[in-house]
Structure formats: structure tokens, C-alpha cells
Amino acid sequence: MKINKVAESRFGAVDYKTLPFGSLFTDHMVVADYKDGKWSTPEIVPYGPMTMYPSSSVLHYGQALFEGMKAYKDNEGNAFLFRPDQNIKRFNRSCERLAIPQMDEQAFLSALDHLIALERQWIPDEEGSSLYIRPFVFATEPAIKANPALEYRFCIICAPVASYFADAIAVKIEEKFSRAAPGGFGYAKAAGNYAGQFYPTELAKAEGYQQVVWTDAQTHSYLEEAGTMNIFVRFNDTLVTSPVSDTILDGITRKSMIALCKDLGIKVEERAIAVHELLEGFENGNLIELFGAGTAAVVSEIKSFGYRGINYELDAAEDAFGAVLKKALTDIQRNRAEDPHEWRYQIKANV
Ligand SMILES: *Cc1c(COP(=O)(O)O)cnc(C)c1O
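Q: Would you mind going over the overall build of the chain with me for this structure?
A: Regarding its fold elements, the chain presents 7 helices and 18 strands. Relative to the globule expectation of 20 Å for 351 residues, the C-alpha radius of gyration of the chain, 21 Å, shows essentially globular dimensions. In terms of overall dimensions, the chain has C-alpha extents of about 60 × 50 × 35 Å along its principal axes. A fraction of 70% describes how many contacts in the chain between residues 6 or more apart in sequence connect residues 24 or more apart.

In C-alpha cells:
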């Protein structure tokens with residue numbers, strides 16, 4: 001792979017004790033360009049600004065999408081990714097829905113491997129910290145005709161991060177705004193899905209919540225996702241999560257946790273969860289635990305939910321499934337446990 005290394009790393013100047021989330025990036029990035037009907041071979045170049053035309057199609061019609069994944073280090077300093085094949089496949093599903101040309105899976109994985117090998121020193125050692133990896137693609141063609149663009153740029157950038165959402169959060173069950181509609185692109189990691197969430201989430205924040213729980217767009221009576229995480233609800237000793245659909249993102253954390261539940265003997269169901277079930281569970285004491293699951297926080301415990309102006313406070317669960325699953329998952333990610341499903345991917349490139 002073609003690599004243009006920086007003359008001097010910025011690594012030494014970074015204080016890992018005060019890491020901001022997602023605003024500090026490593027020395028290098030991957031870039032590839034789509035032109036004349038094909039993707040160029042990805043290359044590694046110094047991280048830095050890029051120039052583009054004001055007419056770049058992404059700025060007008062929003063053809064942009066991303067992935068989110070992490071690299072981890074074990075005690076010996078080996079670097080790992082977690083199920084990168086799943087991120088790559090999902091990236092291409094998102095591309096298909098947004099009429100963006102897909103990436104070759106092998107070229108994508110090889111670019112990731114080389115980039116992480118090169119940036120290995122940036123992977124934090126501390127428990128809970130990791131190197132967040134952000135692959136993304138956007139339309140660069142300088143033309144404002146309302147068609148799929150003919151030119152795109154693909155990048156992968158990396159940010160060392162401490163864990164975030166460490167505290168249990170308060171959520172609002174949303175009945176007015178929707179994140180995704182049937183037939184739409186809620187299942188894609190489209191930039192626009194995030195843009196549409198900011199305003200309702202800001203309104204919820206002004207009411208004292210940290211996140212919005214999205215409900216189905218037609219009836220607002222079924223739970224879909226917790227902000228940008230998949231939602232899990234525990235009734236007695238059964239964990240329930242909404243089934244994936246065109247409005248619910250197929251989270252890799254979510255599906256890994258479902259598999260881990262089966263390994264650990266935790267009862268797990270994928271089915272629609274009605275808001276009234278949550279309220280009834282709260283009233284009769286069957287609702288034990290509520291959490292969001294996603295790459296960024298792994299598990300984000302939900303301590304209370306607001307619905308029609310009333311706040312429902314949950315007692316902290318003993319032997320919380322969220323904590324059990326988070327430990328089981330992070331032990332696999334950090335090479336501290338057996339990996340029966342072959343989810344770990346060890347970085348191999350010599351750079
Ligand atoms: C990324 C994302 C998730 C979590 O997916 P993971 O693969 O587990 O990180 C859940 N919901 C939405 C809307 C997302 O964008």
C-alpha cells in the first residue's frame with residue numbers, strides 16, 4: 001500500500017489524560033477517489049485539510065455516510081479490530097441506499113489494517129479507552145444537478161477516545177419527531193440521519209434529558225432506538241430488543257450481544273416493544289433494566305425515561321445484564337477471553 005508518512009508524529013504532544021471526544025485525530029488518514037466509474041487504490045497520507053469546490057454535490061444533496069468502529073490493544077500490545085467485515089458490509093449497504101458506488105471489501109479491510117498498523121501507538125492502553133475509527137464517503141463532483149454524483153472521496157480517520165456516556169442517562173420517549181420512516185434510509189449510516197436528530201435531541205436536552213428514544217414514525221407507540229444506539233429492555237429475566245428493519249440500524253454491538261446472551265444463557269427476544277409495556281413493567285415491577293448499545297459507549301445504562309411529561313426513575317439493577325454483556329464483549333475485544341465466534345481481527349500489516 002502506498003504510504004506517505006508524516007515527517008514528525010504529533011503523538012508525543014498529546015495528553016492522554018484529558019482526551020476530548022472526537023476532536024483530536026492521529027497523524028495519518030486513508031483516502032481514495034471515485035472517478036470515471038472506478039475507485040482509485042486507497043492510499044495513506046498525512047491527516048490534514050482537503051480542498052473541494054463549493055459546488056461539491058455533497059454540500060447540496062447530502063450524499064454522505066460513515067461507519068464507526070474501534071481498535072483495541074491487548075496486554076502484549078497486539079492491535080485488534082472487532083468484526084470489521086460487518087462494518088464493511090454495512091458501509092456498502094448504506095452506499096447502495098444512497099446511490100454511492102460501493103467499495104471493494106478487500107481493499108477496504110487492507111486499508112484499515114495498514115492504517116491501524118501505522119497508528120498503533122495511538123491506541124490508548126487504559127480500560128475503556130480505544131482508538132475510534134471513522135470511515136466515510138461523500139460526493140465531491142463539482143455539479144449541482146440533482147443526480148447521484150459521478151465523483152466521490154472515501155476516507156478513514158482515527159481519533160483516540162476515552163469512553164463516553166459513562167454515567168447512566170435520562171432519555172425522553174419521543175412522540176412528535178421521527179428519526180426514520182418505513183421505506184426511508186434509517187437503516188443506513190447516512191450523515192443525514194444524524195442531521196435530522198440534532199434538533200429534537202437539543203429540545204430534549206433543554207428539558208433535562210441526554211437522549212431521545214425514537215418510536216415508530218406511524219404510531220409513536222413502539223420503541224425503535226435510543227438516540228444513536230440500539231435499545232435493550234429487561235423484563236424480569238428476559239432481555240428484549242427491537243427487531244432490525246428499514247427504520248432501525250443493524251448494530252454490530254446489538255447483534256453481538258444477542259449472540260453473547262445465547263452463550264451466557266440469558267433469555268433474549270427480538271420483537272417489537274410497545275411503550276405501554278414499558279409503563280406497565282414500571283408499574284408492576286417487571287421492568288428491571290434499560291440500556292442502549294453501540295460501538296461508542298458499548299452499553300449506556302438508562303436511569304430514567306420521560307413520557308408525556310412524567311419521569312420514570314429506575315432503581316439500579318443488581319447483576320445488571322448490561323454490565324455483564326459489556327464485560328463479556330470488551331473481554332473479547334481486548335483479547336482477554338476466548339473468541340468462539342471469531343469476532344476479533346488482529347492487525348497484520350508491516351508498515
Ligand atoms: C451506529 C449506530 C448504532 C450502533 O451500531 P454499532 O454497530 O453497534 O456501533 C445504532 N443506531 C444507530 C442509529 C447508529 O447510527
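Moving on from the model shown.
Q: Where do I start with the layout of surface pockets in this structure?
A: Gaps left between atoms show up when a probe the size of a water molecule is rolled over them. Looking at the second largest pocket, its volume works out to about 210 Å³. As for the second largest pocket, its lining consists of 14 residues, and the residues nearest its centre are Met50, Arg134, Phe136, Phe138 and Ile157. Going through the elements one at a time, β4 (64–66) and β7 (130–139) are the ones with two or more residues in the lining of the second largest pocket. The residue inventory of the lining of the second largest pocket, partitioned by class, reads 12 nonpolar, 1 polar and 1 charged.

Q: Explanation requested: empty space enclosed by the protein in the structure shown.
A: Evaluated as defined, the whole model comprises 3 cavities of 30 Å³ or more. Computed from the structure, the largest cavity encloses a volume of approximately 90 Å³. Residue assignment for the lining of the largest cavity shows that the elements contributing at least two residues are β5 (69–73), α5 (252–264) and α7 (321–333). Looking at the lining of the largest cavity element by element, the count peaks at 3 residues for β5. Considering only residue class, the lining of the largest cavity consists of 6 nonpolar, 6 polar and 1 charged. The residues that make up the lining of the largest cavity include at least three from each of domain 1 (11–162) and domain 2 (169–333). The computed volume of the second largest cavity comes to approximately 60 Å³. In terms of lining residues, the second largest cavity is bounded by Arg179, Ala188, Lys189, Tyr194, Gln197, Glu225, Gly227, Thr228 and Leu249. Split into classes, the residues belonging to the lining of the second largest cavity amount to 3 nonpolar, 3 polar and 3 charged.

Q: Which parts of the structure should I look at to understand the site of the ligand?
A: Not every one of the 14 residues close to the ligand is listed here, only the nearest: Lys189, Tyr194, Glu225, Thr253 and Thr295. Between the ligand and isoleucine 252, the relevant distance is 2.8 Å, taken from an oxygen atom to a main-chain nitrogen or oxygen of the residue. One nitrogen or oxygen atom from the side chain of threonine 295 is found 2.6 Å from an oxygen atom belonging to the ligand. In the complex, the protein chains occlude 96% of the 380 Å² of accessible area that the ligand would expose alone.

Q: Explanation requested: the side chain of threonine 215 in the structure shown.
A: Topologically, threonine 215 is positioned in strand β10 (residues 211–215). A polar atom in the side chain of threonine 215 sits 2.9 Å from the side chain of histidine 220.

Q: Quick question: what am I supposed to make of the side chain of glutamine 333 here?
A: Looking at the secondary structure, you find glutamine 333 in helix α7. Relative accessible area serves as the criterion here: at 5%, glutamine 333 is assigned to the buried category. Apart from residues lying up to four places away in sequence, glutamine 333 is in contact with Tyr72, Phe80, Phe82 and Arg344.

Q: When you look at the environment of glycine 68 in this model, what are you seeing that I'm missing?
A: Turning to its location among the elements, glycine 68 is positioned in the loop between β4 and β5. Residue classification places glycine 68 among the buried residues on the basis of a relative accessible area of 5%. Sequence separation between glycine 68 and proline 135 is 67 residues; the distance between their C-alpha atoms is 6.9 Å. In this view, glycine 68 contacts Asn87, Arg90, Tyr132, Ile133, Pro135, Lys189 and Thr295; residues no more than four positions away in its chain are not counted.

Q: Any chance you could explain the pairing of strand β14 (residues 267–270) here in plain terms?
A: Relative to β14, strand β13 (residues 238–241) is paired through 4 bridges, and the arrangement is parallel. Across the sheet, residue leucine 239 finds its bridge partner in β14, namely valine 268.

Q: Explanation requested: unusual backbone geometry in the structure shown.
A: Glycine aside, residues mostly have negative phi, and peptide bonds are mostly found in the trans state. For arginine 83, which is not a glycine, the phi torsion comes out positive at approximately 50°. By the secondary structure assignment, arginine 83 is in the loop between β6 (79–82) and α2 (84–97). When its relative accessible area of 13% is taken as the criterion, arginine 83 is described as buried. Of note in the backbone geometry, valine 298 takes a positive phi value of approximately 65° without being a glycine. Mapped onto the fold, valine 298 is located in strand β16 (residues 298–307).

Q: Would you explain the packing of α5 against α7 in this entry?
A: Any two packed helices are characterised by the angle at which their axes cross and by the distance between the axes. With their axes 10 Å apart at the nearest point, α5 and α7 run at an angle of 105° to one another. By the criterion of interaxial angle, the relationship of α5 to α7 is roughly perpendicular. Facing α5, whose interface residues are Thr253, Ser256, Met257, Leu260, Cys261 and Leu264, α7 presents Val324, Leu325, Lys326, Ala328, Leu329 and Ile332. Class assignment for the residues of the contact of α5 with α7 results in 9 nonpolar, 2 polar and 1 charged.

What counts as what
Residues numbered from 1 in each chain as written. Predicted model: local features only at pLDDT ≥ 70, side-chain atom pairs only at ≥ 80, totals over all residues. Heavy atoms only, no water. Helix = DSSP H or I, 4+ residues; strand = E, 2+ residues; numbered from the N terminus. Rg over C-alpha atoms; globule rule 2.2 N^0.38 Å. Contact = heavy atoms within 4.5 Å. 1 Å grid on protein atoms, 1.4 Å probe; cavity = no way out; pocket = protein on both sides within 12 Å on 5 of 7 lines; lining within 4 Å. Points joined across faces, edges and corners; volume = space filled by probe spheres on them. Nonpolar A, V, L, I, M, F, W, Y, C, P; charged D, E, K, R; others polar. Domains from an automatic or database assignment. Near = heavy atom within 4 Å. Polar contact = N/O pair within 3.5 Å; in protein donor to acceptor, adjacent residues only side chain to side chain. Areas by Shrake-Rupley, 256 points an atom, 1.4 Å probe, with all protein chains shown as cover. Buried < 20%, exposed > 50% of the residue type's maximum accessible area, 1.4 Å probe, protein only. Pairing = 2+ DSSP bridges. Axes fitted to C-alpha atoms, helices over the stretch in contact; angles between N-to-C directions. Parallel < 35°, antiparallel > 145°, perpendicular 65-115°, else oblique.

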